[in-house]
Amino acid sequence: MEDRNIKWDKIFYGRTWIANIIDTIQTKDILESFYFKRYLLRAMMAGFIISIISVFVLMVKTTFAPDLGPGIVSMISAITFSFALVLILFTNSELLTSNFMYFTVGLYYRLIKPYRVGHIFMLCFIGNVVGAFVLFSLMRASDVMTPEMVTLLDKIIATKIHDYTFHNILVRAIFANFFINITLVIAMQIDDILAKMFVMMFGVTIFAFMGYEHVIYNACLFAAGVLYNIEHMALWPIAKNIIAAFIGNYIGGGLIIGLFYAYLNDHGQFKAHRFK
């Protein structure tokens, strides 16, 4: 039996990889259950980080656009945005879209109940959005956001809520969280910090450059839109984008990555611990 398990670990990621994910799930579950405020603050920090990096990206785009071609500016901006995932993971902040993968693994092995997962997802989403409102409220009280940046923000939001169909957003969202979570899967195999950071950055760079849809990034932009130009915001188009991006992100990160690797690495190691 031990020989079979060793071979299994060589073919797939094996027991160590799944054990790390299960440990992460259990830590998050305990944190949310007994340290509700701390969990919410961790989620708020993730939204805060994405928002402040989004401002950085707007600054990069408006600064370099007059001198460089749109393709080069888009690539520089994508690399710039990839800093967000590194900051979020190394600060142990709670990002909804990475939780899609973790908790789908837990659901597959029946180590956490569905209603607990739904509760954590909702709390994490709320925390991410509140963090965005905190950041942009501070920005609103300053002149960091230039008129050019606000104009670009309006243009990006208009494209997301008016130009994209539900199906278009859904598919773009699947690919966005696929790249984020496949990056996390690879990074979990790496011990070297710089190599881990590089892997995290290239996955996000791909999704950002391709213009895929990320539910929390979009929600942060919408928070900025509410504070800067609320008259341009429309409730149903925003809801359409959030719903489609949420579903697509879950498919890309939760099902295509989380469920896929949970199944590949399943050799009955958690049967005794499953909820009935």
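Residues numbered from 1 in each chain as written. Predicted model: local features only at pLDDT ≥ 70, side-chain atom pairs only at ≥ 80, totals over all residues. Heavy atoms only, no water.

Q: Hey, could you run me through the UniProt feature "transmembrane region" (unreviewed entry) in the chain in this one?
A: The UniProt entry lists residues 39-60, 72-91, 120-139, 169-187, 199-230 and 242-264 under the feature "transmembrane region" (unreviewed entry), expressed in the numbering used here. For residues 120-139, the end-to-end C-alpha separation is 29 Å, with 100% helix and 0% strand making up the annotated structure. Secondary structure within residues 242-264 divides into 100% helix and 0% strand; the distance between the first and last C-alpha atoms comes to 31 Å. (UniProt positions renumbered as here; feature names shortened; annotations may be inferred. Helix = DSSP H or I, 4+ residues; strand = E, 2+ residues; numbered from the N terminus.)

Q: Even after reading the chapter, I still don't get the nonpolar core, so can you show me in this structure?
A: Across soluble globular proteins, you tend to see nonpolar side chains buried next to one another. Among the nonpolar cores identified, the biggest contains 83 residues, and Ile-50 and Met-145 are the most heavily contacted of them. When residues in this core are grouped by element, the largest group, 11 residues, is from helix H7 (residues 114-140). Those residues within four positions of Met-145 in sequence are excluded, and the remaining contacts are Val-55, Leu-58, Met-139, Val-150, Leu-153 and Tyr-228. (Core = buried A, V, L, I, M, F, W, Y, C linked by side-chain atoms within 4.5 Å. Buried < 20%, exposed > 50% of the residue type's maximum accessible area, 1.4 Å probe, protein only. Contact = heavy atoms within 4.5 Å.)

Q: Help me out: how do you make sense of the packing of aromatic side chains in this one?
A: Aromatic ring pairs: the centre-centre distance and the angle between the two ring planes describe each pair. Applying the stated criterion to the full structure yields 14 aromatic pairs. Here the aromatic cluster, defined as three or more aromatic residues joined through ring pairs, consists of Phe-100, Phe-103, Phe-121, Phe-246 and Tyr-250. The positively charged end of Arg-172 is found above the aromatic ring belonging to Tyr-164, 4.4 Å away from the centroid. (Phe/Tyr/Trp six-rings, centres within 6.5 Å; stacked < 30°, edge-to-face > 60°. Lys NZ or Arg CZ within 6 Å of the ring centre and 35° of its normal.)

Q: Can you help me understand the state of the cysteines in this one?
A: The term disulfide refers to a covalent linkage connecting the sulfur atoms of a pair of cysteines. Considering all chains together, one arrives at zero disulfides under this definition. No disulfide involves Cys-124; its sulfur sits 11 Å from that of Cys-220, the nearest cysteine. (Disulfide = S-S within 2.5 Å.)

Q: Help me out: how do you make sense of the pattern of salt bridges in this one?
A: For side chains of opposite charge, pairing can occur when their charged atoms come near one another. For the structure on display, the rule yields two salt bridges. Between Glu-94 and Arg-42 there is a salt bridge; the shortest N-O distance is 2.6 Å. Taken together, the residues Glu-94 in the loop between helix H5 (83-90) and helix H6 (96-108) and Arg-42 in helix H3 (residues 36-64) connect sequence positions 52 residues apart. Close ionic contact of Lys-160 with Glu-213 constitutes a salt bridge, the shortest N to O distance being 2.9 Å. Of the two residues, Lys-160 is situated in helix H8 (residues 147-163) and Glu-213 in the loop between helix H10 (193-210) and helix H11 (215-229); the sequence distance between them amounts to 53 residues. (Salt bridge = Lys/Arg side-chain N within 4 Å of Asp/Glu carboxyl O.)

Q: Explain H10 here, please?
A: Over its 18 residues, H10 extends 26 Å from the first C-alpha to the last, a length consistent with the 26 Å expected when each residue adds 1.5 Å. Listed in full, the buried residues belonging to H10 are Lys-196, Val-199, Met-200, Gly-203, Val-204, Thr-205 and Phe-207. Where H10 begins, the capping side chain belongs to Asp-192, and its oxygen is found 3.3 Å from the backbone nitrogen of Leu-194. At the C-terminal side of H10, Gly-211 shows a positive phi close to 75°. (Expected span 1.5 Å × (residues − 1). Polar contact = N/O pair within 3.5 Å; in protein donor to acceptor, adjacent residues only side chain to side chain.)

Q: Honestly, the side chain of Lys-160 in this entry has me stumped. Any pointers?
A: With relative accessibility at 6%, the residue Lys-160 sits in the buried group. Among residues more than four places away in sequence, those in contact with Lys-160 are Ile-169, Glu-213, Tyr-217, Asn-218, Leu-221 and Asn-241.

Q: I would appreciate a short explanation of the packing of H7 against H11 in the present structure.
A: In helix packing, the relevant descriptors are the interaxial angle and the interaxial distance, both defined with respect to the helix axes. At a minimum axis separation of 9 Å, H7 and H11 run at an interaxial angle of 40°. By the angle between their directions, the pair H7 and H11 is classed as oblique. In the crossing of H7 with H11, the sense of the turn from one axis to the other is right-handed. On H11, the residues that touch Phe-125, Asn-128, Val-129, Ala-132, Phe-133, Phe-136, Ser-137, Met-139 and Arg-140 of H7 are Val-215, Ile-216, Ala-219, Cys-220, Ala-223, Ala-224, Val-226, Leu-227 and Tyr-228. Split by residue class, the contact of H7 with H11 holds 15 nonpolar, two polar and one charged. (Axes fitted to C-alpha atoms, helices over the stretch in contact; angles between N-to-C directions. Parallel < 35°, antiparallel > 145°, perpendicular 65-115°, else oblique. Left-handed = near helix turned anticlockwise from the far one by under 90°. Nonpolar A, V, L, I, M, F, W, Y, C, P; charged D, E, K, R; others polar.)

Q: Any chance you could explain a nonpolar patch on the surface here in plain terms?
A: The grouping of Phe-56, Met-59, Met-75, Ile-79, Phe-83, Leu-87, Ile-186, Phe-198, Phe-202, Ile-206, Phe-209 and Met-210 at the surface amounts to a nonpolar patch, some 1000 Å² of accessible area in total. Listed by contribution, the elements that provide at least two residues to the nonpolar patch are H3, helix H4 (70-81), H5 and H10. Per element, the largest residue contribution to the nonpolar patch is five residues, and it comes from H10. Mapping Ile-79 onto the fold places it in helix H4. We classify Ile-79 as partly exposed; its relative accessible area is 36%. (Patch = residues over 30% accessible without salt bridge, like charges linked within 9 Å, V, L, I, M, F, W, Y side chains within 5 Å. Areas by Shrake-Rupley, 256 points an atom, 1.4 Å probe, with all protein chains shown as cover.)

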